[in-house]
Amino acid sequence: LRSLIDERPVHVPGAVTVDADLTRSFTLDDDPADLRAFLEEAGFLHVRGVFTPEEMRRISDDMDVAEPTHTPGDGRSWWATLDDGTERVVRMQRFEEHSETAAALLEDDRFAALGAIPGLGHDHPSVGRANKVEALFKPLGVRRGISDIPWHKDCSLGRHSYDCCSLTIGISVTGAGPGSGQLRVIAGSHRALVWPSLFDAGRLDLPEVPLATETGDVTAHLSCT
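Draft legend 1. A look at the side chain of Ser172. With respect to the helices and strands, Ser172 occurs in the loop between strand 6 (167-171) and strand 7 (183-186). A distance of 2.6 Å separates the side chain of Ser172 from the side chain of Thr213, its partner in a polar contact. Among all residues touching Ser172, those that are not within four sequence positions of it are Met56, Thr213, Glu214, Thr215, Gly216 and Asp217.

As structure tokens, then:
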């Protein structure tokens, strides 16, 4: 159905290739045209040192203060059960209500510069929306609950043809590596019309890329990556 609506063929092996250096990262001082070309080719970006360690420390402190104000079933948080049976909040929605620093970053020129990378006149879609930014904890040893989210496309819940023009921005409040919740992406998957189940089955012929980040780094990905 999506192939008919969007006039895009269903993916077959070899139809999508990725020629970019997938180990490459950028800064906001780099040529925006280079960032745009990489994003179009690979579907993601790793942008180093966008925000300062002091800004991230303040946000981390605000997260710790906000954490005990959330409870399971409150409609504004996601929870997970750890190996020791502890219930832990892993995602706090509408975090800008708990953090002046986070709210200010959404209006910051550096944040606006990220939205300008595609060159399509994107604005931050927060006006009139209840959930402008979410704060995520990545505890180890999760036994139950959505924390380490399975492979998916952000647009796969529906309305792809109408809503898949977004850029998802992740800000590393702390560094993230293989043992601490780093983002992984399948490069070029934004150009492959496939069922998300193919990711888990390992049947998609595109490279998987881990994005290890330092404090203040940003990841960006097209919502259908």
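Draft legend 2. Structural view of the environment of Val194. One can find Val194 in the loop between strand 7 and helix 7 (197-201). According to the relative accessible area criterion, Val194 is buried, its value standing at 13%. Measuring from C-alpha to C-alpha, the distance between Val194 and Pro9 comes to 9.7 Å, with 185 residues separating the pair along the chain.

Draft legend 3. Layout of the sheet that holds strand 6. As summarised here, the arrangement of the 3 strands in space is 1-9-6, forming an open sheet in which the pairing is antiparallel. The open sheet has two edge strands, strand 1 (44-47) and strand 6, and neither has a second partner. Between one strand and the next, the sheet's axes are offset by a mean angle of 15°, whatever the strand orientation. The pairing of strand 6 with strand 9 (residues 218-222) spans 5 bridges and is classified as antiparallel. Bridging across to strand 9, Thr168 finds its partner in His221. The sheet strands contacting helix 2 (residues 32-42) are strand 1, strand 6 and strand 9, and the helix crosses strand 1 at an angle near 140°.

Draft legend 4. Summary view of a nonpolar patch on the surface. A cluster of nonpolar side chains, Trp78, Ile146 and Ile149, forms an exposed patch at the surface whose accessible area comes to about 250 Å². Looking at Ile149, the relative accessible area reads 31%, which means it is partly exposed.

Draft legend 5. Molecular detail of the nonpolar core. Counting 34 residues, the largest nonpolar core has Phe44, Leu45, Ile59, Met63, Met92 and Phe95 as its most contacted members. At the level of secondary structure, the elements contributing two or more residues to this core comprise helix 2, strand 1, helix 3 (53-66), strand 3 (87-92), helix 4 (100-106), helix 5 (109-116), strand 8 (208-211) and strand 9. Setting aside its immediate chain neighbours within four residues, Met92 contacts Met63, Ala66, Glu67, His70, Arg76, Val133, Glu134, Ala135 and Phe137. Core analysis: the second largest hydrophobic core is formed by 9 residues, Trp151, Ala192, Leu198 and Leu204 among them.

Draft legend 6. Seen up close, the side chain of Ser99. In this fold, Ser99 is placed in the loop between strand 3 and helix 4. A distance of 3.0 Å separates a polar atom in the side chain of Ser99 from the backbone nitrogen of Ala102. Those residues in contact with Ser99 that sit more than four places away from it in its chain are Ile59 and Asp62.

Definitions and limits used
Residues numbered from 1 in each chain as written. Predicted model: local features only at pLDDT ≥ 70, side-chain atom pairs only at ≥ 80, totals over all residues. Heavy atoms only, no water. Helix = DSSP H or I, 4+ residues; strand = E, 2+ residues; numbered from the N terminus. Polar contact = N/O pair within 3.5 Å; in protein donor to acceptor, adjacent residues only side chain to side chain. Contact = heavy atoms within 4.5 Å. Buried < 20%, exposed > 50% of the residue type's maximum accessible area, 1.4 Å probe, protein only. Pairing = 2+ DSSP bridges. Axes fitted to C-alpha atoms, helices over the stretch in contact; angles between N-to-C directions. Patch = residues over 30% accessible without salt bridge, like charges linked within 9 Å, V, L, I, M, F, W, Y side chains within 5 Å. Areas by Shrake-Rupley, 256 points an atom, 1.4 Å probe, with all protein chains shown as cover. Salt bridge = Lys/Arg side-chain N within 4 Å of Asp/Glu carboxyl O. Core = buried A, V, L, I, M, F, W, Y, C linked by side-chain atoms within 4.5 Å.

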